[in-house]
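Fold and geometry: a report
Now for the letters of each chain:
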Amino acid sequence: MPGAVIHAPGDIRFETLDDPRLLHPTDAIIRTAVTCVCGSDLWPYRGVEPIGDPHPMGHEYVGFVEEVGSEVTSVRPGQFVVGSFATSDNTCANCRNGFQSNCLHREFMSTCQADHVRIPNAQGTLVATEEHPAEELWPSLLAVSDVMGTGWWAADAAQVRPGSTAVVVGDGAVGLCAVIAAKELGAERIIAMSRHASRQRLAREFGATDIVTERGDEGVARIRELTDGIGADSVLECVGTAEAMRQALHCARPGGNVGFVGVPHDVAVDGQELFFSHVGLRGGPAPVRRYLPDLIDRVLDGRIDPGKVFDLTLPLDQVAEGYRAMDERRAIKALLTP
């Protein structure tokens, strides 16, 4: 089976891997319909995260079930399924509380930039569509498996409410999907912080009412200016850097909330400052499985179209170019077709 393998920073290769097989009765094997490169894949690609030995890459997937273990009854061979980057049994206490990405039997997916994938915890992780969706919907359903689900979690964690003002920090795929989420949850004003014209246009299309190009203290000052000196009700932090977190916390009003979904790198929160700000802070790996049924329905009904974040489509064997294009900001998100 061919698939993407990272060897070193900047070194992605398309290699022959062992075919996946059922290892546990709770596993399933799917044939990938489409997969992609994630912004979080760029952390090891840029050398920010250690790589260790060469290993497969990819954690976003939709596809067709080819084989299931003996304990998997929720999906069957031939069905089109959407999953999550964090697998879950969907029955443990954490799952029942809505935090499937902290399932007691969680496994993080890491082999999805390939034409076949083994899905652990398939019974609780995979959601099948009633029929095979039209091919033009595959990109949006793929987005649901991570970036749309993560953007939704950012809005949920930040407690976006009807009539509220939301600020989105970050204009990558997750940030743009967070704009969709904020609009769907009823925000009246959505301020997207972005310096890139193509991403600004997409943010507007997704529902942003204002664009702020400034960053850091200047960005905070601009948000304050736009909110009568008070700050936003909800701030969605979709980057993961120290600067983005500071900016998010300082953009929220007293009593406001920050949802942080960017994987943190060198982020430290000043407890004294947080204490006196009265700002609520919640985040972590998105519990995508909680949102899958609803988000799938929204895509199939045409209410949302998060697949527009894919502005580059490549055959899977050109996965290395997908990484380069995203690293060089020539693409928001690269779609890969097996």
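Read on for a plain summary of the structure. Remember, predicted model here, so these are calculated numbers, not experimental data.

Conventions used here
- Residues numbered from 1 in each chain as written.
- Predicted model: local features only at pLDDT ≥ 70, side-chain atom pairs only at ≥ 80, totals over all residues.
- Heavy atoms only, no water.
- Helix = DSSP H or I, 4+ residues; strand = E, 2+ residues; numbered from the N terminus.
- Polar contact = N/O pair within 3.5 Å; in protein donor to acceptor, adjacent residues only side chain to side chain.
- Contact = heavy atoms within 4.5 Å.
- Pairing = 2+ DSSP bridges.
- Axes fitted to C-alpha atoms, helices over the stretch in contact; angles between N-to-C directions.
- Parallel < 35°, antiparallel > 145°, perpendicular 65-115°, else oblique.
- Left-handed = near helix turned anticlockwise from the far one by under 90°.
- Nonpolar A, V, L, I, M, F, W, Y, C, P; charged D, E, K, R; others polar.

Its place among the elements puts D210 in strand β11 (residues 210–212). Within the local environment of D210, its side chain forms a polar contact with the side chain of T209, the two groups lying 2.8 Å apart. Beyond its immediate stretch of four places on either side in the chain, D210 contacts R189, I190, I191, A192 and R204.

What follows concerns the sheet that holds strand β4 (residues 55–56). With antiparallel pairing, three strands are arranged side by side in an open sheet as β2-β1-β4. Each edge of the open sheet carries a strand with a single partner, namely β2 (11–16) and β4. As paired strands, strand β1 (residues 2–8) and β2 are joined by six bridges and run antiparallel to one another. The partner of A4 across the bridge, within β2, is F14.

Attention shifts here to the packing of helix α8 (residues 216–226) against helix α9 (residues 242–251). Close contact between α8 and α9 brings their axes to 9 Å; oriented N to C, the two are set at 25°. Classed by the angle they form, the pair α8 and α9 counts as roughly parallel. The two elements α8 and α9 meet at a crossing, and its hand is right-handed. Contacts from G216, V220, I223 and R224 of α8 reach α9 at E243, Q247, H250 and C251. A breakdown of the residues in the contact of α8 with α9 according to their chemical character gives three nonpolar, three polar and two charged.

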